[in-house]
Amino acid sequence: MNTASKEKISKEVDNITDELFELAKRLKENPEIGFQEYQASEWLTEVLEKYSFKVEKGIGGLETAFKGTLKLGKGGPRIAFLCEYDALPEVGHGCGHNLIATASLGAAIALSKTDGLDAEVVVFGCPGEENGGGKVILVEKGLFNDIDIAMMVHPSTENCVYSTSLAIDAYEFEFKGRSSHAAGAPEKGINALDGVIHLFNGINSLRQYLKEDVRIHGIISEGGKAPNVIPDRAVAKFYFRAKEREYLNEVVEKIFNVAKGAATIVGAQVEWRKFELSNDDLKPNKILAEVFEKNLRSLGVDDIVPPKEGRGSTDMGNVSHVVPAIHPHLAIGDKSLIPHSRDFAQATVSERGRNFINLAAKTMAFTAFDVLSNQELLEKIKEEFKKG
Ligand SMILES: [Zn+2]
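Going along each chain's sequence as written, the residues are numbered from 1 onward. The model is predicted, so local features are restricted to residues of pLDDT at least 70 and side-chain atom pairs to those at 80 or more, both for listing and for counting; the totals for chains, interfaces and linings are taken over all residues.

Trainee: Sorry if this is basic, but what is going on with the nonpolar core here?
Mentor: Soluble globular proteins: nonpolar side chains tend toward being buried together. Put simply, a nonpolar core is buried Ala, Val, Leu, Ile, Met, Phe, Trp, Tyr and Cys residues tied into one set by C-beta atoms within 7 Å. Residue burial here comes from a neighbour count, namely the number of other C-beta atoms, placed from the backbone, that lie within 10 Å of the residue's own C-beta, with 20 or more meaning buried, 12 or fewer meaning exposed, and in between meaning partly exposed. Ranked by internal contacts, the top residues of the largest apolar core, which has 87 residues, are Cys83, Leu105, Ala107 and Ala365. Helix and strand assignments follow DSSP, with helices taken as H or I runs no shorter than four residues and strands as E runs no shorter than two, numbered in order from the N terminus. Among the elements that line this core, the one with the most residues is helix 10 (residues 351-372), at 12 residues. The residues touching Cys83, leaving out its near neighbours within four places in the chain, are Leu44, Ile100, Ala101, Ser104, Leu105, Val123, Phe124, Gly125 and Cys126. If you look at the next biggest cluster of nonpolar residues, it comprises 24 residues, including Phe238, Phe240, Ala263 and Ala268. By the criterion used throughout, residues are in contact when their C-beta atoms, derived from the backbone, lie within 7 Å.

Trainee: Would you explain the sheet that holds strand 12 (residues 269-274) in this entry?
Mentor: The strands that make up a sheet are held in pairs by hydrogen bonds between backbone atoms, and each pair lies either parallel or antiparallel. Being paired, for any two strands, means DSSP has found at least two bridges between them. Reading across the sheet, the four strands line up as 10-11-9-12 and stay open at both edges, with antiparallel pairing between neighbours. Each having just a single partner strand, strand 10 (215-222) and strand 12 make up the two edges of the open sheet. Strand-to-strand twist across the sheet, computed as the mean angle between neighbouring axes with direction ignored, equals 20°. Relative to strand 11 (residues 233-242), strand 10 runs antiparallel, the two being bridged by seven bridges. Note on strand 11: the bridge partner recorded for Gly218 is Phe238. Of the strands in this sheet, strand 9 (167-176), strand 10, strand 11 and strand 12 are in contact with helix 5 (residues 192-206), which crosses strand 11 at around 20°. Helix axes use the C-alpha atoms of the stretch in contact, all axes being lines fitted to C-alpha atoms, and the angles between their N-to-C directions lie in the range 0 to 180 degrees.

Trainee: Help me understand the packing of helix 7 (residues 286-298) against helix 11 (residues 375-387) in this model?
Mentor: Relative placement of two packed helices is described by the angle separating their axes and the distance separating the axes. Across the interface, helix 7 lies against helix 11 with an axial gap of 8 Å and an inter-helix angle of 135°. The orientation of helix 7 relative to helix 11 falls into the category oblique. Residue-level inspection shows Lys286, Ile287 and Leu288 of helix 7 in contact with helix 11, the latter providing Lys380, Ile381 and Glu384. When the residues that make up the contact of helix 7 with helix 11 are grouped by side-chain class, the tally is three nonpolar, no polar and three charged. Orientation labels follow simple angle bins: below 35 degrees gives roughly parallel, above 145 gives roughly antiparallel, 65 to 115 gives roughly perpendicular, and whatever is left gives oblique. Only Asp, Glu, Lys and Arg are considered charged in this grouping, and only Ala, Val, Leu, Ile, Met, Phe, Trp, Tyr, Cys and Pro are considered nonpolar; every other residue, Gly among them, is considered polar.

Trainee: In this structure, what is going on with unusual backbone geometry? I would like to understand it.
Mentor: As a rule of thumb, non-glycine residues mostly have phi less than zero, and peptide bonds are mostly trans rather than cis. A positive phi is found at Glu90, a non-glycine position, where the angle reads about 70°. Within the secondary structure, Glu90 sits in the loop between strand 3 (78-84) and helix 3 (97-112). Residue classification places Glu90 among the exposed positions, given that 11 C-beta atoms sit within 10 Å. Here His340, not a glycine, exhibits a phi torsion of approximately 60°, which is positive. Of note, His340 is situated in the loop between strand 16 (329-331) and helix 9 (342-347). You can call His340 partly exposed: it has 13 C-beta atoms within 10 Å.

Trainee: I tried to follow the sheet that holds strand 5 (residues 149-151) on my own but got confused; where do I start?
Mentor: Within the open sheet, the six strands sit side by side as 1-2-4-3-5-15. Their pairing is mixed. Two strands bound the open sheet, and with one partner strand each, they are strand 1 (54-57) and strand 15 (325-326). The sheet contact formed by strand 1 and strand 2 (residues 66-72) spans four bridges and is antiparallel. From the neighbouring strand, Lys57 faces strand 2, where its bridge partner is Phe66. Across the face of the sheet, helix 3 comes into contact with strand 2, strand 3 and strand 4 (119-126) while running at roughly 155° to strand 3.

Trainee: I tried to follow the domain arrangement of the protein on my own but got confused; where do I start?
Mentor: In many analyses, interface size is given as the accessible surface area lost on bringing the parts together. Start and end positions for the domains come from either an automated domain assignment or a database one. You can read the domains of the protein as domain 1 (2-165 + 280-387) and domain 2 (167-274). When each unit is reduced to the centre of its C-alpha atoms, the spacing between domain 1 and domain 2 is 39 Å. Counting residues at the interface gives five residues for domain 1 and seven residues for domain 2. Residues of the side of domain 1 that touches domain 2, tallied by class, amount to no nonpolar, three polar and two charged.

Structure follows, in structure tokens:
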């Protein structure tokens, strides 16, 4: 049954690849930035409806999010394929989310045509990955609570089945002081900008005592208006990242103390708030990744790089903390291709882009099939997840 079913899945993917590639091209020609992907979510849900999925729009209170479901047989484990479809300002689909969306559709549609499975195929439309992440909200609203496994594939410049990413918090620090003539009456002023400068210096001193996987990068987004006016308001924005969420929480607590200290030095007030959603570190499920790799090799792909520690961050991290998940990468170009560039967007509509949709859809659908037709495998995947 195994081989015959996979042959059928493979044929189904081949049958819809042109349609999906056309859609990927249309998305590339009409890029929409995070949380404004109105056309994209419309087009993607149209396809799901055409292939008999029941579609809910605006899930989790996000206008451009959606969920498509289709029950197979008597129903059973729920397998989720995740779509991203937001573009970047200036460079459009320079992160290739048009391919992520169409490959996940392909996997779901092909799997839905498989006979003999008792399961539920779920497609999540996840907006705004580049803005810190719609998935963060979908996870918080509990939309993944009844999902058994989740997967998506990201275009890249190499094939990598297992890679991690960093947890991230984005904080804005607002210092408030008192303005005064900088030459005429400096003693009457409280310099908010100096508070920000102490914050930078304090953080730089703290760096020596942090683990080496921590990344901290900040800017001064407001630092006064004129040199002869003591700034009564100054604002700095920082990204704080670390390999693990737990340690990042410790780091951020230390930073808050630095901010309080910086304000105390100059006599200013300081407040902080998040200016983007926080991402957890990506913790792919090893067993699920192994199944994916086996299937990828069965489709003729052998140039797979070893597991990698990623340096970026993604909201798929949050998903991987609530459900066994994978986030493999497949190449659409060689190392000279730069992610988040116009060239990368162009590569998504090349022959390599078309191939990505076909290959990613097949590998995901095969992997889902293996898990759904082997209860013991699913249990092992869940066990690994529970151990953390
Ligand atoms: Zn991306």
